[in-house]
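Topology and contacts: notes
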Amino acid sequence: MGGKNFVQHLEVSELLSAFITEHRAGSPTDERIYWIHLKPREIAQGFSERHDILISNGLVKRHLQVMGYKYRKLSKQLATGQCADRQAQFRVIFTLIAVMSMQTPIISMDCKKKERLGNLYRAGKCYTQQPIKVYDHDYHYLSEGSVVPHGIYDLQRNEAYLSIGTNHETAGFITDNLYWWWTEFGIHHYPLARTILILCDAGGANSYRHHAFKKQMLLLSQQIGVDLVICHYPPYASKHNPIEHRLFPHLHRAMEGVVFTSYQLVQELMEKTTTSTGLKVNVRINDHYYPTGIKTTPQEVNSQRIQPHPAVPHLSYRICA
């Protein structure tokens, strides 16, 4: 009896493998990658209709695993472009991080995804005693304000410093946040520092192409009396910026599913963010207005105080105080 069941099971397994193979599709760029557009329920139903053999969804799932299939989502790994100086810039960044002393702060900065205040839908779930009702559309006029979170992450101390802006992300907004971090925290943590290593993206308000950013950083360096070594991650490589994976995912989890009713609530949620490795988050609300559209000419940038790196001068440079 056991031998007969084994034979029947083997026949069903072979038929199911053939049915799955018939409905698979392949990657146009990699001949080793295949996927199935049918769900286990649809496979079981289609198999039963064709062979008049009833099988369960669980059997289909187990068989898919045996065939090497896993339930996955799409993975954003293919770059839409390539920077010619990518490898050279990464070598510069890794070298600078390695040679900097413990007396030199190494910070990573970026602006997190902008949010809106008001009774608007936000992705995620949280525990509630009753359903939370929000507007069925996210029209701009329903918003009560903008939330612009700019983060600074200290790699050596595993601490984050966030400024919640209320209007626009500009070069002035970024440098004001850096000034706040340095005068309130950095100068006390690194009293002997003569240089600050800043890691940031290549685009946005801190773009290496923007004269406004360089002008503001020149003013900041002169104001605090410390040299700034700025390294921009190459275009299409912003995911390697440490703040992207050491801070922002934890902030997202701390705030998901909560309606932003006020800036104070956003601040409280951010300040509660922590990790098993001891991440600490400091937050302030910056309600200063930062206008956009202000033009900065190359003549306004004192290039004599900017020392470009010989290998990648446009992505790495020192601003002298």
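On a predicted model such as this, the values are computed, not experimentally measured, just so you know. (Residues numbered from 1 in each chain as written. Predicted model: local features only at pLDDT ≥ 70, side-chain atom pairs only at ≥ 80, totals over all residues. Heavy atoms only, no water.)

Quick look at the state of the cysteines now. This model, assessed by the stated rule, comprises zero disulfides. With no disulfide of its own, Cys200 lies closest to Cys231 among cysteine sulfurs, the gap being 8.2 Å. You can call Cys231 buried: its relative accessible area is 0%. (Disulfide = S-S within 2.5 Å. Buried < 20%, exposed > 50% of the residue type's maximum accessible area, 1.4 Å probe, protein only.)

Burial in helix 8 (residues 248-255) covers these residues: Phe248, His250, Leu251 and Met255. Each buried residue of helix 8 sits inside an arc of 160° when the element is viewed along its axis, so together they form one side. Buried residues along helix 8 sit in contact with strand 3 (106-111), strand 6 (159-165), helix 7 (242-246) and helix 9 (263-271). (Helix = DSSP H or I, 4+ residues; strand = E, 2+ residues; numbered from the N terminus. Arc of directions from axis to C-beta. Contact = heavy atoms within 4.5 Å.)

This part covers the nonpolar core. Generally speaking, nonpolar side chains in soluble globular proteins are found buried as a group. The biggest cluster of nonpolar side chains holds 37 residues, and the ones touching the most others in it are Leu197, Leu199, Leu247, Val266 and Met270. For this core, the secondary structure elements donating two or more residues are helix 4 (86-99), strand 5 (145-154), strand 6, strand 7 (195-200), strand 8 (227-232), helix 8, helix 9 and strand 9 (280-286). The contact partners of Leu199, leaving out residues within four places of it in the chain, are Ile93, Ile97, Ile106, Ile107, Ser108, Met109, Leu155, Cys231, Tyr233, Asn241 and Pro242. Among the nonpolar cores identified, the runner-up in size contains 29 residues, and Ile174, Leu178, Ala205 and Val301 belong to it. (Core = buried A, V, L, I, M, F, W, Y, C linked by side-chain atoms within 4.5 Å.)

So, on to helix 9. At 3.6 residues per turn, the α-helix brings residues three or four places apart onto the same side. Those residues of helix 9 not exposed but buried are Tyr263, Val266, Gln267, Leu269 and Met270. In an axial view of helix 9, the angular spread of the buried residues amounts to 165°, which keeps them on one side of the axis. Lining the buried residues of helix 9 we find strand 4 (115-117), strand 5, strand 6, helix 8 and strand 9.

Our focus in this paragraph is the packing of helix 2 (residues 40-51) against helix 3 (residues 57-66). The contact between helix 2 and helix 3 brings their axes to 8 Å, and the two run at 110°. The angle between helix 2 and helix 3 falls in the class roughly perpendicular. Side by side, helix 2 and helix 3 meet where Pro40, Arg41, Ile43 and Ala44 of the first sit next to Asn57, Val60, Lys61 and Leu64 of the second. (Axes fitted to C-alpha atoms, helices over the stretch in contact; angles between N-to-C directions. Parallel < 35°, antiparallel > 145°, perpendicular 65-115°, else oblique.)

Turning our attention to the packing of aromatic side chains. Taken as a whole, this structure holds eight aromatic pairs when the rule is applied. Both rings, one in Tyr139 and one in Tyr141, keep their centres 5.8 Å apart while their planes meet at 10°; by these two values the pair is stacked. A residue is classified by how much of its surface remains accessible, and Tyr139, at 43% relative accessible area, is partly exposed. Seen in terms of ring centroids, Trp181 and Trp182 are 5.7 Å apart; in terms of plane orientation they differ by 55°. Their pairing is tilted. Grouping aromatic residues by their ring pairs yields a cluster made of Phe90, Phe94 and Tyr233. Cation over ring: Arg122 sits above Phe260, and NZ or CZ is 3.9 Å from the ring centre. (Phe/Tyr/Trp six-rings, centres within 6.5 Å; stacked < 30°, edge-to-face > 60°. Lys NZ or Arg CZ within 6 Å of the ring centre and 35° of its normal.)

Taken as a whole, this structure holds one cavity of 30 Å³ or more when the rule is applied. There is about 30 Å³ of room inside the largest cavity. Secondary-structure elements contributing two or more residues to the lining of the largest cavity are helix 5 (171-189), strand 7 and helix 6 (211-224). Ranked by residues supplied to the lining of the largest cavity, first place goes to helix 5 with three residues. Its residues assigned to classes, the lining of the largest cavity shows nine nonpolar, no polar and no charged. (1 Å grid on protein atoms, 1.4 Å probe; cavity = no way out; pocket = protein on both sides within 12 Å on 5 of 7 lines; lining within 4 Å. Points joined across faces, edges and corners; volume = space filled by probe spheres on them. Nonpolar A, V, L, I, M, F, W, Y, C, P; charged D, E, K, R; others polar.)

Time to look at the packing of helix 5 against helix 6. Angle between the axes and distance between the axes: these two values describe a pair of packed helices. Their axes nearest at 9 Å, the elements helix 5 and helix 6 cross at an angle of 25°. The angle between helix 5 and helix 6 falls in the class roughly parallel. Our pair here, helix 5 against helix 6, has a crossing hand that is right-handed. Contacts between helix 5 and helix 6 involve Ala171, Gly172, Ile174, Thr175, Leu178, Tyr179 and Trp182 from the former and Ala212, Phe213, Gln216, Met217, Leu220, Gln223 and Ile224 from the latter. The residue inventory of the contact of helix 5 with helix 6, partitioned by class, reads 10 nonpolar, four polar and no charged. (Left-handed = near helix turned anticlockwise from the far one by under 90°.)

What follows covers the pairing of strand 6. Taken across its seven residues, strand 6 has seven buried, putting it largely inside the fold. Residues Glu159, Tyr161, Ser163 and Gly165 point to one face of strand 6 and Ala160, Leu162 and Ile164 to the other, with burial holding for every one of them. Inspection of the sheet shows strand 5 paired to strand 6 by seven bridges, in the antiparallel sense. If you follow Asp154 over to strand 6, its bridge partner there is Glu159. Between strand 5 and strand 6, which follow one another and run antiparallel, lie four residues, and Asn158 among them has a positive phi close to 55°. Across seven bridges, strand 6 lies against strand 9 in parallel orientation. By the bridge assignment, Tyr161 is partnered in strand 9 with Asn282. (Pairing = 2+ DSSP bridges.)

What follows concerns the side chain of Asn167. Inspection of the secondary structure assignment puts Asn167 in the loop between strand 6 and helix 5. By relative accessible area, Asn167 is classed as buried at 15%. Within the structure, Asn167 has its side chain in polar contact with the side chain of Thr166 (distance 3.2 Å). In this structure the side chain of Asn167 is engaged in a polar contact, spanning 2.9 Å, whose partner is the backbone nitrogen of Tyr290. (Polar contact = N/O pair within 3.5 Å; in protein donor to acceptor, adjacent residues only side chain to side chain.)

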